Every structure is written in structure tokens, then in C-alpha cells.
Amino acid sequence: MKLTTEAKQAIFEKNSLQKVATDTGSAEAQIALFTHRITHLTEHLKVNKKDFSTRLGLLKLVGKRRRMLDYLQHREINRYRAIIKELGIRK
């Protein structure tokens, strides 16, 4: 599933730091996009259990999101706590 431009802009507008659709570089916007892609790939892998290349891609995405969350946690803890709460990511 490819995300449409409108869907990406909605994710960015909802979760970005400045709350605008053009803020694609903030850590919150990228984490939200990664989370959306991770949930989609997880659902795909529940059906296609032997799709190992998708599994590898999923693990890479989870690692990217983890590094981004670690960066945010060390830089600004309040933004980190807000995005964790908003997206429902547990740690």
C-alpha cells in the first residue's frame, strides 16, 4: 500500500511540531509516518507469515523509529512524552 500525498499531509498536519502539512522534517512527523507504516506492515505480516523481505523492512523501520525516539528523548523530553502519548507507543 502506497500512501497518497493527501494521507501523508494529514499525518504531518496532525502530528508535526508546527501543526502544518508542510512540516515534514520534524521528529514528531517522521515518527508518526513510521508508526503508520509499521502498523500497515504488521497487518500484512499477520496474513503473509513467510514474507521475510517485508519482515526485514519492518525491522529496519522499527529501528529507525527507535533511533528517532531516542534522539527526541535526549533532546526534548516533553516533546518525546507528547508523541508517545499521542501515538500510543509504549516504552
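Our subject is the structure listed above.
Criteria and thresholds
Residues numbered from 1 in each chain as written. Predicted model: local features only at pLDDT ≥ 70, side-chain atom pairs only at ≥ 80, totals over all residues. Heavy atoms only, no water. Helix = DSSP H or I, 4+ residues; strand = E, 2+ residues; numbered from the N terminus. Rg over C-alpha atoms; globule rule 2.2 N^0.38 Å. Contact = heavy atoms within 4.5 Å. Lys, Arg positive; Asp, Glu negative; His and termini not counted. Charge placed at Lys NZ, Arg CZ, Asp CG, Glu CD. Core = buried A, V, L, I, M, F, W, Y, C linked by side-chain atoms within 4.5 Å. Buried < 20%, exposed > 50% of the residue type's maximum accessible area, 1.4 Å probe, protein only. Patch = residues over 30% accessible without salt bridge, like charges linked within 9 Å, V, L, I, M, F, W, Y side chains within 5 Å. Areas by Shrake-Rupley, 256 points an atom, 1.4 Å probe, with all protein chains shown as cover. Salt bridge = Lys/Arg side-chain N within 4 Å of Asp/Glu carboxyl O.

(A) Broad picture of the overall build of the protein chain. Helix and strand counts for the protein chain stand at four helices and zero strands. Listing each helix as α and each strand as β along the protein chain from the N terminus yields α-α-α-α. The C-alpha radius of gyration computed for the protein chain amounts to 14 Å, which stays within 12% of the reference 12 Å derived for 91 residues, consistent with globular compactness. Dimensions of the protein chain along its principal axes, counting C-alpha atoms only, are 40 × 30 × 20 Å. For the protein chain, restricting intrachain contacts to residue pairs at least 6 apart in sequence, the fraction spanning at least 24 positions comes to 44%. Between the mean site of the 20 positive side-chain charges and the mean site of the 9 negative ones, the protein chain shows a separation of 8 Å.

(B) Spatial organisation of the nonpolar core. In this structure, Ala27, Ile31, Met68, Leu69, Leu72, Tyr80, Ile83, Ile84 and Ile89 together form the largest nonpolar core, which totals nine residues. Elements supplying a minimum of two residues to this core: α2 (27-47), α3 (52-75) and α4 (77-87).

(C) Layout of a positive patch on the surface. Taken together, Lys2, Lys8, Arg37, Lys60, Lys64 and Arg67 make up a surface patch of like positive charges. Element by element, the count of residues in the positive patch is highest for α3, at three residues. Looking at Lys8, the relative accessible area reads 35%, which means it is partly exposed.

Remember, this is a structural readout, not a statement about activity or role.
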